[in-house]
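Here is how the chains run, residue by residue.
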Amino acid sequence: MQRREFIHAAATAGVVPPLLTGRGTGAEPDKGPALLRFDTANEVVRGDMRYRKLGSTGVEVSCVGVGGHHIGRPADDAEGIKIIRTALDAGMNFLDNCWDYHDGLSELRMGKALQDGYRKKAFLMTKIDGRTKAAAAKQIDQCLLRLRTDVIDLVQHHEMIRMEDADRVFGEGGAQEAVEAARKAGKIRFVGFTGHKDPLAHLRTLEVAKENGFRFDAVQMPLNVLDAHFRSFARNVLPALVKEQIGVLGMKSMGDGLVLQSKAATAVECLNYALTLPTSVVITGMETMERLKQALDVVKNFKPLTEEQVTALLGRTKEAAAKGRYERFKTTPDFDGTAKHPEWMG
């Protein structure tokens, strides 16, 4: 079975018919299934914020969330704290983070922002790099200390980008043992995984989890207007998550600016596209108040893109998407923190 045939078969079995096709533009070089669409009937609007279910957890999360890496970029804590608290006050309750972001600065900064009652407003997520039980347990405890909380709402295995990562995590003495122990101890509520390299790695992780009798609560992956053409997570992983009612966390809607460099789409178009897919939340970087305001404006004025709009958008992005030039997180090691620091995995 060829690679594309494998992805297609694994992702589409038993999935409801998709509603966004992008057809008529030659926009499907991946030959994968058509794009699925978010049903706004499943969305709750309160004030200017929109909330969606996180898979089958029963939890409602804001449709846009605060990116953890970017929150570590402002020059001082005060600006980062201001951004986080302004977002929470506006109803943006999903906060993303990771044990390794800026050597812990992002978590430390977020922990300060969550004081004075702000922890109650947040659905708090962070990620760990450890692949062994010992490394994962140590990192979970470090995350709790930095974030100044007794419980993290969602902990995710970070950078599941290699075909063997799932085997390490779920193997004897692997990180999943530490995660399960932490959940039983009340330190974490839900469990997920992230990755940005190839749909096959995601599908492999889901397969290994099922073999071990485990079902993830959430999965994070790149979802952007270029992804639809090249090693597409939207076409090849998203259907499997929707079928299993696993929360979908979209990231890299602008690819850390790379998608915008292609000049094929604007920032607002990028966010609207990702929100039109069946995402629980779209995590986006907002290292300035201007970026936060942009995200809030998109949410306030959001209307799902029509099929015609998606077709036109994919037609414009097809050339830029070729060979992954503007999705270097898929084609180079530039974004692979665990490749540069294998000691993080244990």
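Residues numbered from 1 in each chain as written. Predicted model: local features only at pLDDT ≥ 70, side-chain atom pairs only at ≥ 80, totals over all residues. Heavy atoms only, no water.

Draft legend 1. Inspection of the overall build of the protein chain at higher detail. A count of helices and strands for the protein chain gives 16 helices and eleven strands. In summary, the protein chain has a C-alpha radius of gyration of 19 Å against a globular reference of 20 Å for 346 residues, a match within 12%. The principal-axis extents of the C-alpha atoms in the protein chain amount to approximately 50 × 45 × 35 Å. Buried positions account for 60% of the 346 residues belonging to the protein chain. (Helix = DSSP H or I, 4+ residues; strand = E, 2+ residues; numbered from the N terminus. Rg over C-alpha atoms; globule rule 2.2 N^0.38 Å. Buried < 20%, exposed > 50% of the residue type's maximum accessible area, 1.4 Å probe, protein only.)

Draft legend 2. Main features of the pattern of salt bridges. Applying the stated criterion to the full structure yields 28 salt bridges. Across the pair Asp297 and Lys293 runs a salt bridge, and its minimum N-O distance is 2.8 Å. Note that Asp297 and Lys293 are positioned in helix 13 (residues 289–300) at a spacing of four residues, about one turn of the helix. Of the residues examined, Asp297 reaches a relative accessible area of 32% and is grouped as partly exposed. (Salt bridge = Lys/Arg side-chain N within 4 Å of Asp/Glu carboxyl O.)

Draft legend 3. Quick peek at the pairing of strand 6 (residues 123–128). Within strand 6, six of the six residues are buried, which leaves the element mostly enclosed by the surrounding structure. Neither face of strand 6 is open: one carries Phe123, Met125 and Lys127, the other Leu124, Thr126 and Ile128, and all of them are buried. Viewed along the sheet, the connection from strand 5 (residues 94–95) through helix 4 (residues 105–113) into strand 6 turns out right-handed. Where strand 6 lies against strand 7 (residues 152–157), four bridges are found, and the strand directions are parallel. Its bridge partner being in strand 7, Ile128 is matched across the sheet by His157. A crossover links strand 6 with its parallel partner strand 7, the connecting element being helix 5 (residues 133–147), and its sense is right-handed. (Right-handed = clockwise from strand over helix to strand, strands pointing away. Pairing = 2+ DSSP bridges.)

Draft legend 4. Focus on the environment of Leu249. By the secondary structure assignment, Leu249 is in strand 10 (residues 247–251). Relative accessible area serves as the criterion here: at 0%, Leu249 is assigned to the buried category. A C-alpha to C-alpha distance of 14 Å links Leu249 and Asn93, two positions 156 residues apart in sequence. If we skip the residues at most four places from it in the chain, Leu249 touches Leu54, Phe94, Met125, Leu154, Gln156, Ala218, Val219, Gln220, Met221, Val281 and Ile283. (Contact = heavy atoms within 4.5 Å.)

Draft legend 5. Broad picture of the UniProt feature "domain: NADP-dependent oxidoreductase" (unreviewed entry) in the protein chain. If you check UniProt for "domain: NADP-dependent oxidoreductase" (unreviewed entry), the listed places come out as residues 65–263 in our numbering. Between the first and last C-alpha atoms of residues 65–263 the distance is 24 Å; the span itself is 43% helix and 17% strand. (UniProt positions renumbered as here; feature names shortened; annotations may be inferred.)

Draft legend 6. Region of interest: unusual backbone geometry. A positive phi angle is found at Lys252, which is not glycine, with a value near 55°. Its place among the elements puts Lys252 in the loop between strand 10 and helix 11 (258–261). At Asp256, a position not held by glycine, the phi torsion is positive, near 55°. Position of Asp256 among the secondary structure elements: in the loop between strand 10 and helix 11.

Draft legend 7. The nonpolar core, seen in detail. Met92, Leu95, Phe216 and Tyr273 are the most contacted members of the largest nonpolar core, which has 87 residues in total. Looking at which element gives the most residues to this core, the answer is helix 12 (residues 267–276), with six residues. With residues near it in sequence (within four places) discarded, Leu95 still touches Val66, Ile84, Leu88, Met110, Leu114, Ala122, Phe123, Leu124 and Met125. Grouped together as the second largest cluster of nonpolar side chains are twelve residues, Met125, Ala218, Leu249 and Val281 included. (Core = buried A, V, L, I, M, F, W, Y, C linked by side-chain atoms within 4.5 Å.)

Draft legend 8. Main features of the side chain of Arg52. Here Arg52 is to be found in strand 2 (residues 49–53). Within polar-contact distance, the side chain of Arg52 engages the backbone oxygen of Leu275 at 3.0 Å. From its side chain, Arg52 meets the backbone oxygen of Thr279 in a polar contact 3.0 Å long. Dropping the residues within four chain positions of it, Arg52 is found in contact with Phe38, Asn42, Glu43, Val59, Glu60, Val61, Cys63, Leu275, Leu277, Thr279, Ser280 and Phe302. (Polar contact = N/O pair within 3.5 Å; in protein donor to acceptor, adjacent residues only side chain to side chain.)

Draft legend 9. Spatial organisation of the pairing of strand 9 (residues 218–222). For strand 9, a buried count of five out of five residues is recorded, marking the element as mostly surrounded by other parts of the structure. Of the two faces of strand 9, both are covered, the one formed by Ala218, Gln220 and Pro222 as well as the one formed by Val219 and Met221. The sheet contact formed by strand 8 (residues 188–194) and strand 9 spans three bridges and is parallel. Counted as the bridge partner of Phe193 is Val219 from strand 9. Following the chain from strand 8 across helix 8 (residues 199–211) to the adjacent parallel strand 9, one finds a crossover that is right-handed. Here strand 9 pairs with strand 10 via five bridges, running parallel. Among the inter-strand pairings, Met221 is bridged to a residue of strand 10, identified as Gly250.

Draft legend 10. The packing of aromatic side chains, seen in detail. Across all of its chains, the model carries eight aromatic pairs by this definition. Measuring from centroid to centroid gives 6.0 Å for Phe170 and Phe216, while their planes differ by 80°, and the two rings are edge-to-face. Here Phe170, found in helix 6 (residues 165–170), pairs with Phe216, found in the loop between helix 8 and strand 9; they are 46 residues apart in sequence, far enough to count as distant. Accessibility assignment for this pair places Phe170 and Phe216 in one class, buried. In this structure an aromatic cluster arises from ring pairing among Phe170, Phe193, Phe214 and Phe216. (Phe/Tyr/Trp six-rings, centres within 6.5 Å; stacked < 30°, edge-to-face > 60°.)

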